[in-house]
Amino acid sequence: MTQTTAAATHRQKRQRFTSVAATIMAAVTYWVLHVSPVTSSHGFNWRNFRNYFPYDQYSYLAIAVNVRDGNMAAIEPFTETGTNHYPRSYYVFLGLISRLFRSDLIATWQLSGIFFQLMMVAAISWLLIRLTGNPLMGLLGFLPSTVGTFAVVTTANWYHTLDNHAVLWGPFGVFFTLNGESAALSVAVTAICLLIGVTFPDRHGVTQLNGRALAIVISASAAIGALANVQTYSFLTAVYVSVYCAGAFGVLKYGKRRHIIFSLGLLVLVVVSGKAVASILGPLATLVAGLAAALPGFFLILTKHKKPVVLASVAAALAASPTILGTLFGLADKDDFLTYREASSTALGVPAGTGLLAAAIPILMLALILYAGLVSGNKSWMAVAIGAATAWALVASNDVWGANQEPYRFWIDSFTIITAAAIPILCQIVVSSRNLSRDEVQAQHDAPLKGEVRTNEYSSRWSRPVIVVAVVVLAGAMTVSFADYLKFSRYVHSQGTEKFNNSQGQAIKTAVAPLLDDESLLRIHVSNEGRASQLLLGDLCINPFQLKTLTGLPIAFYNLGLAWPENEGDLREVLKQRLAGTFPQSLATGAGIDYVLTDSSCPAGWAGLIDGTRLSSARYGSDGKISTITLWKLDK
């Protein structure tokens, strides 16, 4: 081995070590910023649930509870009846992990969610290093998760409140839940980083789609497709961003003027005809039709790179097919819940002014990426800027052009994915600009010796003044937006966690023991198809989420926007009267409720309204007061 070869090998080992160390430091920083605020809260335990907009999170947890207890059926999770069309693969995964390792389900929820996010941070760090060639850039892998929406400076809160229940917030807000959307976005960002990393020209302008790169493209595409089984909006957002960026690259790289005109015409057609398409085919089909404007460029890429495009598309389609086909069959059968769900998204749009202000940072990054692409001729940069901006604008305004499916959720998911992808590309531009300027100085120095005149008009147009000013502006804007994260971290720290297995929870488990005992004639049975024929109803002072999580029993409760049980109308009326403090026994028995659980401390006082048999009871103490949980079997 020559001295030169030995030095090169040593340099490669040092860079590899620095890259790994930088990635680890990025992950540690992410943990400090996004995990430690809750782990340092009062009374924290990994078995406690994060007390953060919990209603939907507890409903998703119920899916995992059933899987943990052996019920894999796609049913409404609380009653274990009806049909669940919601993408539930992630919660099935959590339930299986908990069942396999006999681990606490809530701890499994927390640690699994954090794992996916740390994987995402590693992918961002890898892309930063890959695009810039600088291992120290990997330290910034945590950065996209801290970008805010200027909510604090405009509303004094860490998020923007819109109509109905819609909100806009930064990535830290959506990742904190650790639910399926959080995991799906983590996978989406990871997959898109991998796609950019193996298809973008490196710092030397070289792209090599070798066997290893092809395998990454196929795997990343399959991962994006699989998100259809995890969370619909994250899946569609990742597809829109990927397909529109690919379509933009196809037109820019291989297209002619007629292809650009055709793509723009299709984009206008999508916006103009969307409401008509929605009235005929439905909102979900309209969202799929919204991809039409990217097809000319996509097919241009197909003609040049048939093998990778076909294999990646097939992988994505196969991975997405289980939930997509199930939903299509359900819509064809006029499933009541799917019909309701498609029509229930109202007043969830994003006002243009608020949306543009909140998106200022990623918009500035995309503008700079587009500018650098235009003046340097880098079509990859141009394609990302144009494709990402188009995809974001379409999905976040889908209420305007036809689909009307929770556009604010698409806005948040687009913000998260695009910010994560734009920062590494922006760093590549900055590094390329600096290297270009250094090369220019050297070339100008050498030119007189060679009798040459070097104007370097190309580099002088963008490498120094524009890049420097833009980076300074962006750095200042990100610093201001960081106030959103700071307020958010204080909020989640003060909110803390919810402990289900408290004294009341222990009494509940003791009281319902006869319904769980295999030797008891009172046991609530679930059929081999995973469907229950008996339900347990708790009074107003018994949290249905706590009841389901601790016992796993089929209970009389459901989330209107998640899935519907059998006898939905009757059960809805029972729950309505429960909230009013009354107990409609005849209606309850008609809805399949055989058992009732009461708390003696509850002001509603159901014990005197029940016609039935007292089966068991358990006492518990709270705030110096002794209360009794009682299980009743209703008379019919």
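Please refer to the structure higher up on the page.
Residues numbered from 1 in each chain as written. Predicted model: local features only at pLDDT ≥ 70, side-chain atom pairs only at ≥ 80, totals over all residues. Heavy atoms only, no water.

Draft legend 1. How the structure looks around the side chain of Thr149. Mapped onto the fold, Thr149 is located in the loop between α5 (105-132) and α6 (151-155). With relative accessibility at 0%, the residue Thr149 sits in the buried group. Setting aside chain neighbours within four positions, we find Thr149 in contact with His160, Leu168, Trp169, Gly170, Leu357, Ala358, Trp411, Phe415 and Asp484. (Helix = DSSP H or I, 4+ residues; strand = E, 2+ residues; numbered from the N terminus. Buried < 20%, exposed > 50% of the residue type's maximum accessible area, 1.4 Å probe, protein only. Contact = heavy atoms within 4.5 Å.)

Draft legend 2. Fine view of the nonpolar core. In this structure, Trp411, Ile593 and Leu597 are the most contacted members of the largest nonpolar core, which totals 172 residues. Among the elements that make up this core, the one with the highest residue count is helix α20 (residues 407-450) (16 residues). Here Leu597 is in contact with Ile508, Ala511, Val512, Leu536, Leu537, Gly538, Asp539, Ile542, Leu547, Ile629, Thr630 and Leu631, once residues within four sequence places are set aside. (Core = buried A, V, L, I, M, F, W, Y, C linked by side-chain atoms within 4.5 Å.)

Draft legend 3. Representation of the state of the cysteines. In total, this model carries one disulfide according to the counting rule given. Here Cys541 engages in a disulfide with Cys602; their sulfurs sit 2.3 Å apart. The chirality of the disulfide connecting Cys541 with Cys602 is right-handed, given an S-S dihedral of about 80 degrees. Of this pair, Cys541 sits in the loop between β5 (535-538) and α25 (544-551) while Cys602 is found in the loop between β6 (593-599) and β7 (612-622), placing the two residues 61 residues apart along the sequence. Cys602 sits in the buried class, given a relative accessible area of 6%. Free cysteine: Cys193, not disulfide-bonded; nearest cysteine sulfur from Cys427 at 12 Å. Between Cys245, a cysteine without a disulfide, and Cys193, which holds the nearest cysteine sulfur, the sulfur-to-sulfur distance is 12 Å. What makes Cys245 buried here is its relative accessible area of 16%. (Disulfide = S-S within 2.5 Å.)

Draft legend 4. Here's a closer look at the packing of α5 against helix α8 (residues 180-199). It is at 9 Å that the axes of α5 and α8 come closest, and there the two elements cross at 20 degrees. Our classification of the angle between α5 and α8 gives roughly parallel. Like other packed secondary-structure pairs, α5 and α8 cross with a definite hand, here left-handed. Contacts between α5 and α8 involve Phe116, Gln117, Met119, Met120, Ala123, Ile124, Trp126, Leu127, Arg130 and Leu131 from the former and Ser182, Ala183, Ser186, Val187, Val189, Thr190, Cys193, Leu194, Ile196, Gly197 and Val198 from the latter. Partitioned by chemical class, the residues of the contact of α5 with α8 number 15 nonpolar, five polar and one charged. (Axes fitted to C-alpha atoms, helices over the stretch in contact; angles between N-to-C directions. Parallel < 35°, antiparallel > 145°, perpendicular 65-115°, else oblique. Left-handed = near helix turned anticlockwise from the far one by under 90°. Nonpolar A, V, L, I, M, F, W, Y, C, P; charged D, E, K, R; others polar.)

Draft legend 5. Spotlight on the sheet that holds β6. The sheet built from four strands is open, its strands ordered β5-β6-β8-β7 with mixed pairing. Every other strand in the sheet has two partners, leaving β5 and β7 as the edge strands with one partner each. Sheet twist, expressed as the average angle between the axes of neighbouring strands with direction ignored, equals 20 degrees. Pairing analysis gives five bridges linking β6 to strand β8 (residues 625-634), with the strands arranged antiparallel. Within β8, the position partnered with Val596 by the bridge is Trp632. Contacting β5 and β6, helix α26 (residues 568-579) runs over the sheet at an angle of about 20 degrees to β5. (Pairing = 2+ DSSP bridges.)

Draft legend 6. Inspection of the pairing of β5 at higher detail. The alternating pattern of β5 places Leu535 and Leu537 on one face and Leu536 and Gly538 on the opposite face, and all of these are buried. Looking at chain direction, β5 and β6 are connected through four bridges and run parallel. Across the sheet, residue Leu535 finds its bridge partner in β6, namely Ile593.

Draft legend 7. Representation of helix α10 (residues 232-254) within the structure. Given a rise of 1.5 Å per residue, 23 residues ought to cover 33 Å, and the 32 Å separating the end C-alpha atoms of α10 matches this to within 8%. Measuring from the side-chain oxygen of the N-cap residue of α10 to the backbone nitrogen of Tyr233 gives 3.3 Å; that N-cap residue is Gln231. (Expected span 1.5 Å × (residues − 1). Polar contact = N/O pair within 3.5 Å; in protein donor to acceptor, adjacent residues only side chain to side chain.)

Draft legend 8. Representation of the packing of aromatic side chains within the structure. Taken as a whole, this structure holds 45 aromatic pairs when the rule is applied. A ring pair is formed by Phe53 and Trp158, whose centres lie 6.5 Å apart and whose planes are at 70 degrees; its orientation type is edge-to-face. Note that Phe53 is positioned in the loop between β1 (49-50) and α3 (54-68) and Trp158 in the loop between α6 and β2 (160-161), a separation of 105 residues in sequence. What makes Phe53 partly exposed here is its relative accessible area of 38%. We classify Trp158 as buried; its relative accessible area is 2%. The ring of Phe176 has Arg50 sitting right over it, with the charged end atom 4.4 Å from the ring centre. (Phe/Tyr/Trp six-rings, centres within 6.5 Å; stacked < 30°, edge-to-face > 60°. Lys NZ or Arg CZ within 6 Å of the ring centre and 35° of its normal.)

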